[in-house]
Amino acid sequence: MRLIFNSIRFLLRLVWRVLWGLVWSFALSFLIIVGIFYFTTSTESGSAGLSQAVQTAVVRVGQFLDHQGIATGLHTNVETQTDQLTDEHTTTGARWDQAEAAIYIDTDNETFRSAYQDAIGSWNQTGAFTFHIVTDKDKADIIATEMNDGSVSAAGEAESQTNLLTNRFTNVTVRLNGYYLLNNRYGYSYERIVNTAEHELGHAIGLDHNEEDSVMQSAGSFYSIQPADIQAVKDLYQT
Ligand SMILES: [Zn+2]
């Protein structure tokens, strides 16, 4: 009888230790991951940088668990994977004739509408390129609209048509993907939605991806318009 009692007590203690061990190693790994993001990807220092690092860590750990879940067959919802790509833009080398374009905002979603307005305001403020908001869709060079597509892993896209003789844009459509940007699950703050809009408008201007400190980074949407981006627009339109 006593032997059984002792064995049970031993077992309980063992289970308790293992559980604590797991909790501790998880907490410790998370702290290490946050630390790594703080020193590698955060654009701010201090508490702002720390919260950015925590945000990145939560998203990445979430993605990891998603992938693990898929791998072990716990759940098979493939749509939960996203690699937080901003888009899958490929180089066009094209631009507008002048450093300006007429843009029509074609969305009823209030968040997207104001994100586009903020992004347009930010680009206009750089002085390097000017967007004119028009209320007549037919007069627009650029249409700023939305999509809701979980089959692509991109938070947005910019689709351009180019006159191949002159290498000038004839029209561009930019889309923000509500499937990711408006779903709490993916953790996009309003600031990152504006960053995404600035990124897509950057493509509509003629910018390509830039993996340095740039709004044109292909993933993450942690940067707003940076000095390097303004310089890139100036270089593109200097002739
Ligand atoms: Zn892009």
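Residues numbered from 1 in each chain as written. Predicted model: local features only at pLDDT ≥ 70, side-chain atom pairs only at ≥ 80, totals over all residues. Heavy atoms only, no water.

**Remarks on the overall build of the protein chain**
Here comes step 1: When you go through the protein chain residue by residue, the secondary structure sums to 6 helices and 5 strands.
Here comes step 2: Reading the secondary structure of the protein chain in the N-to-C direction produces α-α-β-α-β-β-β-β-α-α-α.
Here comes step 3: In the protein chain, which comprises 239 residues, the proportion classed as buried is 39%.
Here comes step 4: For the protein chain, the proportion of contacts with a sequence separation of at least 24, taken over those separated by at least 6, is 69%. (Helix = DSSP H or I, 4+ residues; strand = E, 2+ residues; numbered from the N terminus. Buried < 20%, exposed > 50% of the residue type's maximum accessible area, 1.4 Å probe, protein only. Contact = heavy atoms within 4.5 Å.)

**Points about the pairing of strand β5 (residues 168-177)**
A regular strand carries its side chains on alternate faces of the sheet.
Here comes step 1: Of all 10 residues in β5, 7 are buried; the element is thus mostly enclosed.
Here comes step 2: Pairing analysis gives 6 bridges linking strand β3 (residues 142-147) to β5, with the strands arranged parallel. Bridge pairing links T145 to R175 in β5.
Here comes step 3: Where strand β4 (residues 156-163) meets β5, 8 bridges bridge the pair, whose relative direction is antiparallel. Bridge pairing links A158 to V174 in β5.
Here comes step 4: What sits between β4 and β5 in their antiparallel hairpin is a turn of 4 residues, with N167 showing a positive phi close to 60 degrees. (Pairing = 2+ DSSP bridges.)

No statement about biological role is implied by the geometric values presented.
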